[in-house]
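Here is what each chain is made of, one letter per residue.
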Amino acid sequence: MKDALAGCWQLYTIALRTSRARMLLSTVLVLLEGLAWPVLAVGLKGGVNAAVAHRPGSMLGYGIAIAVSAIGVLLLHHFSYVPYVETCDLVKVDLNAELMALANGSARIEHHERAEYADKIAVLRRELSTFDVGMTGLLTAVSLLVGMVLTSILLVRVDPWLLLLPVAALPPVWSGQRAQRVIDRSRSAAATQLRQAEHLYNLATTAATAKELRVLRLQQEVTRRQAQQWDGASHVLRAGQLRATVVSALGQLFFAVAYVVAVLLVLLQAVRGHRQVGDVVLVVTLAAQINAQVTTGLDLLQKLQRVANALNRLRWLRELIASQQPPPPDSPLPTAIRDGIELRDVAFTYPGTDRPILSEVNLHFPAGSTVAIVGENGAGKTTLVKLLCRFYDVTQGTITIDGTDITRFPLDDWRARIAAGFQDFVRFELPAQRTVGVGDLSHLDDEAAVLAALERADATLVLDRLDDGLATQLGRSWTDGTELSGGQWQRLALGRAMMRELPMLLVLDEPTSALDAEAEHQLFEQYARNARRVGRETGAVTVLVSHRFSTVSMADQILVVADGRIAEAGSHDDLMRASGLYAELYALHASAFE
Ligand SMILES: Nc1ncnc2c1ncn2[C@@H]1O[C@H](COP(=O)(O)OP(=O)(O)OP(=O)(O)O)[C@@H](O)[C@H]1O
C-alpha cells in the first residue's frame, strides 16, 4: 500500500512536471466526476420522497439535479480522459527517454553484461509501454477517493452502522494487494524465460540469422525451443494469475456478504416504518456504488502497485548507474604518452562472479609500440582489452600511463583518445558517409575526414561497389538500401575506428575476422605504418587481438595469454627462440597453411 501510494504520488508529480495545465484540468474534471454519483443518489432519494409525498414542485428541482449529475456520471470521465491521455503520451516519452539515457548513462558496460539487469530492463521496457494504464488509474483514484468520502458521509447520516460497509471494503483491498504481489513475483520469475523466448523469436524472424539457421537446419529447433520457453513463461504467469484471482475473489466475497446485510438492514427498517422509501433508494444506490468503487479500487491498486514496481525498478536502475560512476578524476590526461602503459600486478574478476579471469598480469607497453595478444578462446584476451578501455576497473593492481593510474584521468577524455575496432562491431544502417563518420561525431559529415579514415583502414575499395558513393544508404531494410557483405561491413567499421586521427590507444579486437588472412596481413601492415606515424606524435600504443599468427608476428611485443595469466611475452624472434607455447602454436599454424 505504501509503495502504491508513493508510486502514485511520484507519478502525479512526474505528470505535473510534464504538463501542468493538462494535469490540473484533468484533476478538476475527475473531482467533479467523483462528486456526481453521490449527488445522483441524493437526488434520487429526494425525488422518490417528493413523489411519494406528492410534491411536484420539489420533484422538478430534484429532477434537474438527477439529470445534471447523471450527465456528469456519464460524460465527465470522457472529458477528463482527453487531456490526461495527452499527458500519458508525454510522460511515456519522458520515461522511455530516461530509460535509454540510463541504459547508456554509465561509461562502463557491466550492467549490460549482468543477467539481473537484462531481466529488469526487459520488464521495464514492457511496463513503460503500458504506463498509461497507471496514469489512468491515478486519476480514477482521485475521483474514487472523493466519491468514497461523500458516500461514507451520506451512509452515516442514514445509519452509523452502515459505515461498516466501506470498512468491509478493506479485506478486498488487502487481498487485492496480495494478489498483485503474487502477479509481480510470477512476472519476475518468468522474466528470464520471456527474454529467452523473445531472443529465439528474433533469431527466427530476422534476416541476419536466416542463413545460419537454414544451413544448420535449426528452424524447427528454434521454433520448438521458443514455444517451450514461451509455454514455460506462460505457465508461470498463468499460475500466478490464478493464485491472484483466488486471493482477490475471497476478499470480494467478504464485501458481497456485507453488502447484502446492509441492504437488508435498511429494508427491514423501512418495513417497520423507521425509514422513508427514499432512504432505501439512497442506500441501494450508494451500496451499489461502493461495490463499484471497491472493484475499481482493487483494480486500481493493482495498477498503481504495478506503477510503483516499475518506478522501483527505474530507481534501482538509477542507483545502479549512479554506483557505476567512476571516482572523480584528479589528473588531466596527458596529450601524448611518453614512456608507456604499464599493468602492475593486475587481477580481475567480473562483478557478481568469483572466478578470477586475469591474475598477476605485469606488462609494459612502450609508447608507440604495437602489441599483439594471442591465446585460446576464453583465455582472457578481450577482458584485457576491456580493462585498457576502462569498461571495467581492475579488481587488484594498477594500470598506469607514464606512471599515473588511469583511474585518475577523466574517463571521457581517455575514451576520446581510443580508436577501437571490435569483433562484434555495429552495422549502423545509415548513409555510408555517416556509418563511418560516427567514429568522430565532430566530423560526421566531413567527407574528406571519412575518405582519409577509409584510406587508413584500407577500405576505400568498398566505396567502388556503392552506386552513390558515400551518399549510399546502407542496409536492405531501407528503400533503395544497399546490403554489404560481412567483410565490407567490417571494413567500414574499421574505417570508423580510424576516424580518430590522434588516438593514444588503438584497439583492434579481432576486427578482421571476416577478412581473409592475406587481407588481414595487408591491413595490419597498413595499421602498423599508421600506428608508427601516430605513435611518433602521441606515443599511441596499438593493441591487436588476433588468432592469425602471420599478422601477430609483425607486432613489437606478443603476449600469450593462457588461463588468465601472461604465459609468454616478447618479440616474435624472442618467443621463437624460447621454443615455448608461442613457438609451438606458430609451428602448428604454419603447418596448417602449408
Ligand atoms: N561479462 C562477463 N561476466 C562474467 N564472465 C565473463 C564476462 N565476459 C567474459 N567472461 C568470461 O571471461 C573469460 C575470458 O573471456 P574473454 O572474452 O576475455 O576471452 P577471449 O580470450 O577474448 O576469448 P575469444 O578468443 O573467444 O574471444 C571467459 O571464460 C568468459 O566466460
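Quantities reported herein were computed from a predicted structural model and do not represent experimental measurements.

## Digging into the domain arrangement of the protein
Part 1: Assigned domains of the protein: these are domain 1 (2-199 + 231-322), domain 2 (333-417 + 504-594) and domain 3 (426-501).
Part 2: Between the C-alpha centres of domain 1 and domain 2 there is a distance of 59 Å.
Part 3: Between domain 1 and domain 2, the contact holds 5 residues from the first and 9 residues from the second.
Part 4: Where domain 1 abuts domain 2, roughly 650 Å² becomes buried across the two surfaces, and 50% of that area is made up of carbon and sulfur atoms.
Part 5: Considering only the surface of domain 1 that becomes buried against domain 2, Ala107, Arg108 and Ile109 emerge as the three largest contributors, covering 65% of it.
Part 6: There are 0 salt bridges connecting domain 1 and domain 2.
Part 7: Across the contact surface, domain 1 and domain 2 share 0 residue pairs in polar contact (both at pLDDT 80 or more).
Part 8: Residues belonging to the side of domain 1 that touches domain 2 are distributed by class as follows: 2 nonpolar, no polar and 3 charged.

## Observations regarding a nonpolar patch on the surface
Part 1: Nonpolar side chains collect at one region of the surface, where Trp161, Leu164, Val167, Leu170 and Leu265 lie side by side and expose about 510 Å² of accessible area between them.
Part 2: Among the secondary structure elements, Leu265 is positioned in helix H9 (residues 219-271).
Part 3: According to the relative accessible area criterion, Leu265 is partly exposed, its value standing at 30%.

## Remarks on the side chain of Glu33
Part 1: Tracing the backbone shows Glu33 in helix H2 (residues 20-52).
Part 2: For Glu33, a relative accessible area of 18% gives the class buried.
Part 3: Discounting chain neighbours no more than four positions away, the residues touching Glu33 are Leu76, His77, Ser80 and Ser143.

## As for the pattern of salt bridges
Part 1: Applying the stated criterion to the full structure yields 13 salt bridges.
Part 2: Here Arg565 and Glu360 are joined by a salt bridge, their closest N and O atoms 3.1 Å apart. Placement of Arg565 in strand S10 (residues 565-570) and of Glu360 in strand S2 (residues 356-366) is noted, with a sequence separation of 205 residues between them.
Part 3: Judged by relative accessible area, Arg565 falls into the partly exposed class, the value being 38%.
Part 4: With a relative accessible area of 58%, Glu360 lands in the exposed category.

## Overview of the site of the ligand
Part 1: Contacts to the ligand come from 17 residues, most closely from Glu113, Gly378, Lys381, Thr382 and Thr383.
Part 2: In this structure, an oxygen atom belonging to the ligand sits 2.8 Å away from a side-chain N or O atom of Arg355.
Part 3: One of the side-chain N or O atoms of His547 is found 3.4 Å from an oxygen atom in the ligand.
Part 4: Protein contacts shield 71% of the accessible area of the ligand, which totals 630 Å² for the unbound molecule.
Part 5: Top element by residues in the shell around the ligand is helix H11 (residues 381-388). It accounts for 4 residues.
Part 6: Along the lines of polarity and charge, the residues of the shell around the ligand split into 4 nonpolar, 7 polar and 6 charged.

Cut-offs and rules
- Residues numbered from 1 in each chain as written.
- Predicted model: local features only at pLDDT ≥ 70, side-chain atom pairs only at ≥ 80, totals over all residues.
- Heavy atoms only, no water.
- Domains from an automatic or database assignment.
- Contact = heavy atoms within 4.5 Å.
- Buried area = accessible area lost by both parts, 1.4 Å probe.
- Salt bridge = Lys/Arg side-chain N within 4 Å of Asp/Glu carboxyl O.
- Polar contact = N/O pair within 3.5 Å; in protein donor to acceptor, adjacent residues only side chain to side chain.
- Nonpolar A, V, L, I, M, F, W, Y, C, P; charged D, E, K, R; others polar.
- Patch = residues over 30% accessible without salt bridge, like charges linked within 9 Å, V, L, I, M, F, W, Y side chains within 5 Å.
- Areas by Shrake-Rupley, 256 points an atom, 1.4 Å probe, with all protein chains shown as cover.
- Helix = DSSP H or I, 4+ residues; strand = E, 2+ residues; numbered from the N terminus.
- Buried < 20%, exposed > 50% of the residue type's maximum accessible area, 1.4 Å probe, protein only.
- Near = heavy atom within 4 Å.

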